[in-house]
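Single-letter residue listing:
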Amino acid sequence: MPDRPDLAAMVVRLGRSLVTAERPVLAAHDVSMWGYIVLSALADEPMRTQTALARAIGADKTRIIATLDELQERSLIEREPDPGDRRVRLLRLTPAGRSLYAAVRADIRTAEEELLDVLTAADRRTFLRVLQLLDPAGD
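Residues numbered from 1 in each chain as written. Predicted model: local features only at pLDDT ≥ 70, side-chain atom pairs only at ≥ 80, totals over all residues. Heavy atoms only, no water.

## Some thoughts on the nonpolar core
Phase 1 of the analysis: Core analysis: the biggest nonpolar cluster contains 23 residues, and Leu 39, Leu 53, Ile 77 and Val 104 have the highest contact counts within it.
Phase 2 of the analysis: Secondary-structure elements contributing two or more residues to this core are helix H1 (7-28), helix H2 (33-44), helix H3 (50-57), helix H4 (65-73), strand S3 (85-93) and helix H5 (95-116).
Phase 3 of the analysis: In terms of residue count, H2 provides more of this core than any other element does, five residues in total.
Phase 4 of the analysis: Not counting chain neighbours up to four residues away, the residues in contact with Ile 77 comprise Leu 39, Leu 42, Leu 68, Leu 71, Gln 72, Leu 91, Arg 92, Leu 93 and Thr 94. (Core = buried A, V, L, I, M, F, W, Y, C linked by side-chain atoms within 4.5 Å. Buried < 20%, exposed > 50% of the residue type's maximum accessible area, 1.4 Å probe, protein only. Helix = DSSP H or I, 4+ residues; strand = E, 2+ residues; numbered from the N terminus. Contact = heavy atoms within 4.5 Å.)

## Re the sheet that holds S3
Phase 1 of the analysis: Strand order in the open sheet formed by three strands is S1-S3-S2, and the pairing between neighbours is antiparallel. With one partner strand each, in any of the chains shown, strand S1 (48-49) and strand S2 (77-82) form the two edges of the open sheet.
Phase 2 of the analysis: In this sheet, S3 lies alongside S1 in antiparallel orientation, the contact comprising two bridges. Along S3, the bridge assignment pairs Arg 48 with Leu 91.
Phase 3 of the analysis: In the packing of H4 onto the sheet, contacts are made with S2 and S3, and the angle to S2 comes to roughly 115°. (Pairing = 2+ DSSP bridges. Axes fitted to C-alpha atoms, helices over the stretch in contact; angles between N-to-C directions.)

## Quick word on a nonpolar patch on the surface
Phase 1 of the analysis: Judged by side-chain polarity, Phe 127, Leu 128 and Leu 131 come together as a nonpolar surface patch covering roughly 230 Å² of accessible area.
Phase 2 of the analysis: Within the secondary structure, Leu 128 sits in helix H6 (residues 121-134). (Patch = residues over 30% accessible without salt bridge, like charges linked within 9 Å, V, L, I, M, F, W, Y side chains within 5 Å. Areas by Shrake-Rupley, 256 points an atom, 1.4 Å probe, with all protein chains shown as cover. Salt bridge = Lys/Arg side-chain N within 4 Å of Asp/Glu carboxyl O.)

## With respect to H1
Phase 1 of the analysis: For H1, built from 22 residues, the straight-helix expectation of 32 Å at 1.5 Å per residue is met to within 8% by its first-to-last C-alpha distance of 32 Å.
Phase 2 of the analysis: In the structure, H1 departs most strongly from a straight axis at Glu 22, where the bend amounts to approximately 30° and where the proline Pro 24 lies between one and four residues downstream.
Phase 3 of the analysis: Among the residues of H1, Glu 22, Val 25 and Leu 26 are the ones counted as buried.
Phase 4 of the analysis: In this fold, the buried residues of H1 make contact with H2 and H5.
Phase 5 of the analysis: Taken from the residues just after H1, Asp 30 is the one with a positive phi, measuring 55°. (Expected span 1.5 Å × (residues − 1). Bend = angle between axes of the 7 residues up to and from the residue.)

In structure tokens:
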């Protein structure tokens, strides 16, 4: 097998390309990368505590407060006290938040398709399947 770059080097370069492709999409929808990450996590699991959300997205819970404040001010998420423990805040997407998430995701998928156009259909299926298998969050 011919020598190749380390996996981390290749993945980091690919990640940078993806972030570069996503930036104009996020800007067009007036949402930050952290905001989109929060919307994505809440779309995957409809209700979370702030602590569980922070853990799921790999952020310190105090670091995401400003993002949550902004999303709530824009009526994209709701934060309400947990009836079982009023010190805990439960988070969920509003209909507007779900709509924005769907629109951003669709536009990101379009940008991803442009990147994946260099692959044959079979290679694309294999690449996506392998990424899902290697994704530590996919457990």
